[in-house]
Each structure stands twice: as structure tokens, then as C-alpha cells.
Amino acid sequence: MDLRIFTEPQQGASYDTLLTVAKATEDLGFDAFFRSDHYLRMGSVDGLPGPTDAWITLAGLARETKRIRLGTLMTAGTFRLPGVLAIQVAQVDQMSGGRVELGLGAGWFEDEHKAYGIPFPKEKFARLEEQLAIVTGLWATEAGQTFSYDGTYYQLTDSPALPKPTQRKVPVLIGGHGATRTPRLTAQYADEFNIPFASVEDTERQFGRVRDAAAKAGRAADDLVYSNALVVCVGKDDAEVARRAAALGREVEELKANGLAGSPAEVVDKIGRYAAVGSSRIYLQMMDLDDLDHLELISSQVQSQLS
């Protein structure tokens, strides 16, 4: 089971804070550092000092880390034109020496679009499908050849399809709870399917849909990585769990029901339940980015039992 650290910087984090967490992620033996792609805080937090851009952040981290994978859960398709996104991701992949992964989603948070003057189209999912075709098509085009695309929303003519990523293929992540279109797009374009904040039972059901879609597409279902994203709240004892839950503004029992919470043994046991339904990777949503002791505890008491 791979454990990856997943952050939500729109809730309040500077680049320096993210760099500190990313370096701790690397030093403590986790597989990857991922971040959300949002420009506006959610809930009652003040969001200070303000948002950071996902791909600018990852570019900086690419030069400051050596081993961990770097990526997004998920890049909002509404924020970037697909040709530009392909260039950005390829460049950060080069800057990292080939450690980048692209999670790409349709975008959903209308308020942040209004706050920063970003168009919020109705046809988000149809646009996402074209974006996936373009980004992967640009990267797959042989050097010296050109790429063209004539879609409903995007048109590219004789693109040189440059620059190329360092990796032969940048892993693409698609995720969500959709019962039909999401599994179909996953089977067509993705290397990994991620389901966020889902129960074991819902995870098993959605993984089954993706496997069925892969089979219909003529693809081996086991070609895909299957993963979860879950909030994490671990403590050495009940008091520490309660303290960390309070810092998140949530109740311990609710976190235990809907995430990975409790003692290291409880969390290891629940991770095992996700593994039993096919998950091989978990993105641990870390909300208190100043609590590096939390990371150390997960590394020494949870990750050590899974490796």
C-alpha cells in the first residue's frame, strides 16, 4: 500500500509551508506529495495568506525535492487551456527529473471562478473529455510530427506538440463518483482511478464500475492503479486523536466513520479494508500543515506496518 500526502493549500498555506511539508514527506519515506487546485478557501477558515497556484507550487517543489512523486488531485479543467496545461506539466516533469503525475478533473467550485473572473461553463464534463484527448495526444505525438484536433470546444492546428515530458508517459489520474461517464473516461485515458472520501462499500462499487468499463474498452482492468483519498487523523492515544480532530473542527467518531482516524492500529486495520476491495494507494488528506508530528507518527506507526 502506497501512502501519499495530499494537501489543501486554499485553506491557508504559503509556499514555504508547502515546501516544509513536501520535504518532510520525502524525509519520512512517503511516496508522493499532492495538492488540490483551488483558488478560494472553503468553510469558515480565513484562508490566509491566500491561494497558491498548483503548478507554480509543483514547479518550485520539483527543484527542492529529489525522490517523491508530485501531482494534483485534481487540476481543474476550467482553469487552463489544454495546450497550455500540456506545456506546463511537461515542463514541471522536466524540472523534477520525471516525477510528475497529472490528476485532471472538470472543475466544480463555482464561487472561486466568480471570485477570480474565471469562466464557469455549463459543459464542463464534455470539455474535460476534449482536454484529456488533447493533453495526452500532444504528449504522444512523435518528435518531428504535428498534432491537430478539431473538437466542439477546442481546436488545434499543426501543433509541434512540444515540449515533451521527461517520462515516456506522464501518469494521468481521473477520479470521482460518477457511475457512467467517469469510468468510461478512466478506461480510455487514465493510468489511475481515484475515488475521494468514499466508504469501503462505495469504493468497491465504483472500482467495479471502472473495471467493467476497462473490459468494455478492451483494456485489462489490472492495468489501472486504484486509489482512495481520505482525511487522516491519527494519535498515540485518545487525547491526541481528540486534539487533532478539534483542530480540524470535526468530531472523532465522524472522522472514524468517514476517514482514517484513531490509533495507528485502528487506521492500519481500516486501510486493510480498503486494500481488500482493490485499493493499492491512499492519499492522506492532511489539513493541519503545521502539525509535522502527525506526519512523523503516521510514518513510524502506520506506514511502517504496511510496507
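Residues numbered from 1 in each chain as written. Predicted model: local features only at pLDDT ≥ 70, side-chain atom pairs only at ≥ 80, totals over all residues. Heavy atoms only, no water.

In this section: the pairing of strand β7 (residues 155-159). Strand direction decides the pairing type here: strand β6 (residues 147-150) and β7, joined by three bridges, are antiparallel. When the sheet's bridge partners are listed, D150 is paired in β7 with Q155. Taking the residues between adjacent antiparallel strands as the criterion, β6 and β7 are bridged by four residues. (Pairing = 2+ DSSP bridges. Helix = DSSP H or I, 4+ residues; strand = E, 2+ residues; numbered from the N terminus.)

All right, on to the pairing of strand β1 (residues 2-7) then. Burial analysis of β1 places five of its six residues in the buried class, the great majority of the element. Bridge analysis of β1 against strand β12 (residues 281-286) gives six bridges, and the strand direction is parallel. Bridge pairing in β12 links R4 to Y283. Relative to strand β2 (residues 32-35), β1 runs parallel, the two sharing four bridges. Looking across to β2, one finds that F6 is bridged to F34. (Buried < 20%, exposed > 50% of the residue type's maximum accessible area, 1.4 Å probe, protein only.)

Counting across every chain of the model gives 20 salt bridges. One salt bridge in this structure joins R281 and E192, with 2.6 Å as the shortest N-O distance. One end of the pair, R281, is in strand β12; the other, E192, is in strand β9 (residues 192-196), and 89 residues separate them in sequence. Of the two residues examined, R281 and E192, each falls in the buried class. Across the pair E240 and R244 runs a salt bridge, and its minimum N-O distance is 3.1 Å. In this pair, E240 and R244 are both assigned in helix α8 (residues 238-248), four residues apart and thus about one turn of the helix distant. Taking relative accessible area as the criterion, E240 reaches 12% and is therefore assigned buried. For R244, a relative accessible area of 5% gives the class buried. Several salt bridges converge on common partners, so that one network encompasses K236, E240, R243, R244 and D291. (Salt bridge = Lys/Arg side-chain N within 4 Å of Asp/Glu carboxyl O.)

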